[in-house]
Amino acid sequence: MLKRKKNKREGMDPHIRSLMKIVGEKEILYKPEDLLSYDCDGFTVHKAMPKAVVFPENTEEVSAIVRYCHMNNLPFLARGAGTGLSGGAIPLNNEVIISMVKMKKMLHVDLENRQAVVQPGFVNLKLTHSISDKGYYYAPDPSSQYVCTIGGNVAENAGGAHCLKYGVTTNHILGLEVVLPDGEVIELGEAGVPDRPGYDLMGLLTGSEGTLGIVTTITVRILKSPQGKQTVLAYFDQVEDGSRAVSDIISAGIVPAALEMMDKTAIEGVEAGTYPVGHPPDIEALLLIEVDGILAGLEEQVEHILEVCRKRNVREVKVASSEEERGRWWANRKTGFGAMGAISPDYLVQDGVIPRSRLPEVLQNIYDISRTSGLRIANIFHAGDGNLHPLILFDSRVPGETEKALKAGTECLKACADVGGSITGEHGVGIEKKEEMRFIFTEEELEAQMRIREVFNPYDLLNKGKLFPTPSRCMDVKKIVKETVAVK
Ligand SMILES: Cc1cc2nc3c(=O)[nH]c(=O)nc-3n(C[C@H](O)[C@H](O)[C@H](O)COP(=O)(O)OP(=O)(O)OC[C@H]3O[C@@H](n4cnc5c(N)ncnc54)[C@H](O)[C@@H]3O)c2cc1C
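Residues numbered from 1 in each chain as written. Predicted model: local features only at pLDDT ≥ 70, side-chain atom pairs only at ≥ 80, totals over all residues. Heavy atoms only, no water.

Colleague: Where do I start with unusual backbone geometry in this structure?
Modeller: Of all residues except glycine, most have a negative phi; of all peptide bonds, most are trans. In this structure, Asn94 takes a positive phi of about 60 degrees despite not being glycine. Here Asn94 lies in the loop between β3 (76-79) and β4 (96-99). Phi is positive for Arg114, which is not a glycine, with a value near 50 degrees. Note that Arg114 resides in the loop between β5 (106-110) and β6 (115-118). (Helix = DSSP H or I, 4+ residues; strand = E, 2+ residues; numbered from the N terminus.)

Okay, here's the thing in structure tokens:
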């Protein structure tokens with residue numbers, strides 16, 4: 001009997017077939033086993049499966065995919081490297097994930113005007129590596145910079161250790177090309193024009209957590225590498241002395257390029273990790289401080305820092321004696337989150353902001369939360385700008401412990417909000433902290449922000465369910481009306 005050869009695409013979901021026509025057969029994943037690694041990002045306590053993952057190579061393909069999703073009422077979202085820590089790239093609604101990893105070219109470098117143009121999948125650190133031999137670099141340096149993408153950085157308005165002096169991502173973005181949720185391509189900002197009249201839409205897009213549009217090209221500011229750097233490591237017997245030294249350094253008029261802090265549990269973790277540097281195991285806190293700029297004056301700033309630390313009873317303080325030593329200290333710090341895996345099966349990263357002067361009191365609150373929850377909390381953070389990262393250590397195999405960790409995380413954020421701080425400094429709200437938005441915004445303020453999202457994303461197909469708490473009151477009614485229209 002003659003057997004008909006089965007067509008590979010027979011029985012295939014028609015949406016997958018249509019998306020395949022846009023990006024090509026090899027640039028789409030849709031089988032459950034291939035989709036597994038896209039069920040979460042760096043926020044691993046929540047998982048959900050996407051419908052498909054597509055890998056466009058240019059703006060036209062992104063626009064065509066988005067237009068298709070828009071016309072067919074398919075939820076979709078963008079994904080960079082998936083290092084986000086608040087669940088922004090988790091496909092809550094069985095989204096089509098638009099992965100930017102194939103859009104990873106540097107398109108143009110203009111050293112004279114100190115700017116570079118990159119595609120969104122370009123890896124952060126690669127930018128500095130591409131221009132450092134010419135004496136330039138890109139300032140925002142999240143600790144994940146080895147893998148995270150500039151597109152993801154724009155979406156999260158990423159910060160980093162050196163953002164204390166140089167500012168966060170938004171201060172380094174000069175222009176964006178964006179695909180709106182209906183597929184239209186727009187350009188924001190004009191490279192070389194410092195301040196354009198009208199609303200700052202580029203500022204609005206930066207930090208909007210992938211809910212207003214998909215960034216497809218980015219013009220960034222690049223900086224001249226500083227003439228010199230000096231890095232100081234200070235060990236304290238009391239956390240309070242270390243945290244008071246942070247305020248003292250800033251109020252002495254010194255603006256370090258970076259001012260980082262770790263407490264005892266964090267030090268235990270980094271010393272058990274891949275880049276130990278031999279910190280004494282019995283100290284309660286350390287500060288890693290860097291100053292940079294023209295050589296003249298650097299020594300003086302370091303002397304000033306040493307003096308402040310001595311006044312705060314520092315046990316030992318040293319200055320990096322070589323670039324190699326400085327590099328080791330920074331590797332120890334920048335791999336700090338991952339190093340917690342050496343002392344705990346799981347950890348939850350939190351990201352609150354507080355006025356710097358309230359550091360001693362908020363750290364004490366965090367230690368109290370640790371005691372009452374019975375979970376260890378390591379603190380490793382950007383102390384100079386008051387951006388705390390309590391890392392809650394837990395074991396997800398122990399029944400109830402994940403819930404305990406989440407509760408402790410919320411309590412840490414409440415402690416930050418209660419002193420006039422914020423629930424996120426750089427990791428975003430995502431799905432993780434959307435209910436905690438109520439700690440800092442009233443219902444009316446939240447609704448005003450949701451209306452902005454409606455303007456850009458009226459059918460709520462792009463990254464739905466992120467950033468804002470479950471709406472209440474009139475917002476519910478408006479959504480029902482909108483969803484009815486979208487289905488039509
Ligand atoms: C070990 C570790 C250390 C970290 N340290 C820092 C730190 O020091 N500072 C800091 O700020 N963050 C830090 N992070 C968090 C994370 O790396 C940043 O938020 C980073 O900006 C995310 O980039 P990504 O490419 O991984 O984006 P993803 O995780 O893929 O996506 C993040 C969000 O951006 C959206 N998105 C991605 N690409 C686009 C695009 N092209 N257009 C529109 N939206 C898009 C996604 O939909 C999602 O909502 C750290 C994470 C880890 C795991």
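Colleague: I'm lost on the site of the ligand in this one. Help?
Modeller: In the vicinity of the ligand lie 34 residues, with Ala78, Gly80, Thr83, Ser144 and Thr149 positioned nearest. One of the backbone nitrogen or oxygen atoms of Ser143 is found 2.9 Å away from an oxygen atom of the ligand. For the ligand, the protein covers 94% of the area, taking 970 Å² as the surface of the free molecule. Sorting the residues of the shell around the ligand by element identifies β3, α5 (150-156) and β10 (214-221) as the ones contributing at least two each. Top contributing element to the shell around the ligand by residue count: α5, with 5 residues. (Near = heavy atom within 4 Å. Polar contact = N/O pair within 3.5 Å; in protein donor to acceptor, adjacent residues only side chain to side chain. Areas by Shrake-Rupley, 256 points an atom, 1.4 Å probe, with all protein chains shown as cover.)

Colleague: Please explain helix α11 (residues 323-334) as it appears in this structure.
Modeller: Three or four residues apart is the spacing at which side chains of an α-helix point the same way, because the helix has 3.6 residues per turn. The terminal C-alpha atoms of α11, which comprises 12 residues, lie 16 Å apart, in line with the 16 Å expected from a rise of 1.5 Å per residue. By the burial criterion, the buried members of α11 are Glu325, Arg326, Trp329, Trp330, Ala331, Asn332, Arg333 and Lys334. (Expected span 1.5 Å × (residues − 1). Buried < 20%, exposed > 50% of the residue type's maximum accessible area, 1.4 Å probe, protein only.)

Colleague: Help me understand the packing of aromatic side chains in this model?
Modeller: For any pair of aromatic rings, the description consists of the separation of the ring centres together with the inter-plane angle of the planes. Summed over all chains, the structure comprises 1 aromatic pair. Ring geometry for Tyr137 against Tyr166: centres 6.3 Å apart, planes inclined by 90 degrees, an arrangement best described as edge-to-face. In this pair, Tyr137 is assigned in strand β7 (residues 136-137) and Tyr166 in helix α6 (residues 163-166), connecting sequence segments 29 residues apart. The side chain of Lys224 reaches across the aromatic face of Tyr136, ending 4.6 Å from its centre. Here Lys334 stacks its cationic end above the ring of Trp330, 5.9 Å away from the centre of that ring. (Phe/Tyr/Trp six-rings, centres within 6.5 Å; stacked < 30°, edge-to-face > 60°. Lys NZ or Arg CZ within 6 Å of the ring centre and 35° of its normal.)

Everything listed here is a matter of coordinates, which is why it stays silent on function.
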